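Summary of the model geometry
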Amino acid sequence: MAGTKQGSKTAPTDDTPLGPTGRPYRGFATPPKLDSHGPARIISLCNQKGGVGKTTTTINLAASLASYGRKVLAVDFDPQGALSAGLGIQTHEIPTIYDLLVDSKRDPHEVIVPTRVENLDIIPANIDLSAAEVHLVNEVAREQTLSRALLKITADYDVILIDCQPSLGLLTVNALTASHGVLIPLECEFFALRGVAMLIETIDKVRDRLNPSITLDGVLATMYDARTLHSREVLERVVDAFGDDVLETVIGRTVKFPDASVSGMPITEFAPEHAAAQAYLRLARELVSRGAVA
Ligand SMILES: Nc1ncnc2c1ncn2[C@@H]1O[C@H](COP(=O)(O)OP(=O)(O)OP(=O)(O)O)[C@@H](O)[C@H]1O
Ligand SMILES: [Mg+2]
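This one's a predicted model, so the numbers in the text were calculated from it and none came from an experiment. For every chain, the first residue of the written sequence is number 1, and numbering continues from 1 along that sequence. Starting at A for chains and at 1 for ligands, labels are handed out in the order in which the entities are written. Reporting of local features is limited, given that this is a predicted model, to residues whose pLDDT is at least 70; pairs of side-chain atoms are given and counted only at 80 or more, and all residues count toward the totals for whole chains, interfaces and linings.

**Topic: the site of ligand 1**
Keep this limit in mind: Here, nearness means that the C-beta atom of a residue, built from backbone geometry, sits within 6 Å of the molecule or strand in question. Only DSSP runs of H or I reaching four residues or more are called helices, and only runs of E reaching two or more are called strands; each is numbered from the N terminus. Under the convention adopted here, Pro, Cys and the residues Ala, Val, Leu, Ile, Met, Phe, Trp and Tyr are nonpolar, Asp, Glu, Lys and Arg are charged, and Gly plus all remaining residues are polar.
What surrounds ligand 1 is a group of 18 residues, the closest being G50, K54, T55, T56 and P166. Elements represented by at least two residues in the shell around ligand 1 include exactly α1 (54-67) and α9 (256-263). Here the shell around ligand 1 is composed, by residue class, of seven nonpolar, eight polar and three charged.

**Let's talk about the UniProt feature "domain: AAA" (unreviewed entry) in the protein**
Put simply, the rule reads: UniProt positions are given in the numbering used here, feature names are shortened, and annotations may be inferred rather than shown by experiment.
Those places that UniProt annotates as "domain: AAA" (unreviewed entry) correspond, in this numbering, to residues 41-215. Annotated as residues 41-215, this span is 37% helix and 18% strand, and its ends, taken at the C-alpha atoms, are 11 Å apart.

**Considering helix α11 (residues 275-289)**
Stated formally: Take the residue count of a helix, subtract one, and multiply by 1.5 Å to get its expected span. Counting other C-beta atoms within 10 Å of each residue's C-beta, where C-beta atoms are placed from the backbone, gives the exposure class: buried for 20 or more, exposed for 12 or fewer, partly exposed between. Placing C-beta atoms from the backbone, we regard two residues as in contact once those atoms come within 7 Å.
The terminal C-alpha atoms of α11 lie 21 Å apart, and with 15 residues this matches the ideal 21 Å at 1.5 Å per residue to within 8%. Across the 15 residues that make up α11, a large majority, 11, are buried. When α11 is considered as a whole, its buried residues turn out to be A276, A277, A279, Y280, L281, R282, L283, A284, R285, L287 and V288. Each element contacted by the buried residues of α11 is listed here: α1, β7 (215-222), α9 and α10 (267-270). Trailing α11 by a residue or two, G291 shows a phi angle of about 85 degrees, which is positive.

Now the structure itself:
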């Protein structure tokens, strides 16, 4: 049974069940408690393709890591503000990430809002952020603006997750420049890999010119439907393309996500027993076991 394999790194036997990525299924051990917190590892969730699960993953991975006692900050870096809404934050009349980007003297602590989830804070965003891009174009070291702003708060968190907008513009370059790692969610659908070459090229350029140490922390298959041959074929092609960079955890397709978003809660709070909540908890454990998160 899969359950007996939790955290096991032993070689597979013939009867080891395989996970959807074709590797032996592992449950990953519950992460050990941390005695102290920070400095944070910063991870961007990035894919210029829209609707692939960036925001859903940011919300639910953040909540899952928080449930394991990690101090987590989620940064909404999309003017659509879906991350803020998904965590139940109203963004009119409060300071947002925009204020941090356009005013270097602003204390980031003033812009952080606690969420209803213990150990999880957010820096919200709203449509104002779309004006920040125009503002940044004329700045000196415009690609490092977010990085400078986050520097003042990394000591307070174990992990900072940045939810990028679906574009490879200056905001996303700012996110990648500020990050230690990048997670790429890919929807298990036709054209999943279209545009990914351009995304990898952008990450490579950022590594060459701005942030030499950025790593690919993993490719996450989302909206996977094991019942369809199509989903399975797409996942196979993703594994062919990225090998072990494809995370073993795969997120299934379920209507629970839209439901949870409407409620302004992570699925781990909205329906903790649901397979999708369990999948994000497993993703959190996998990332800790890979060393991507403390
Ligand atoms: N595993 C899933 N199963 C079913 N629906 C999902 C799943 N993950 C996300 N969704 C739904 O798909 C839509 C897009 O997801 P999400 O907003 O997370 O993508 P995104 O990459 O952040 O999009 P954008 O590029 O617009 O920012 C949302 O309505 C969300 O509720
Ligand atoms: Mg989004």
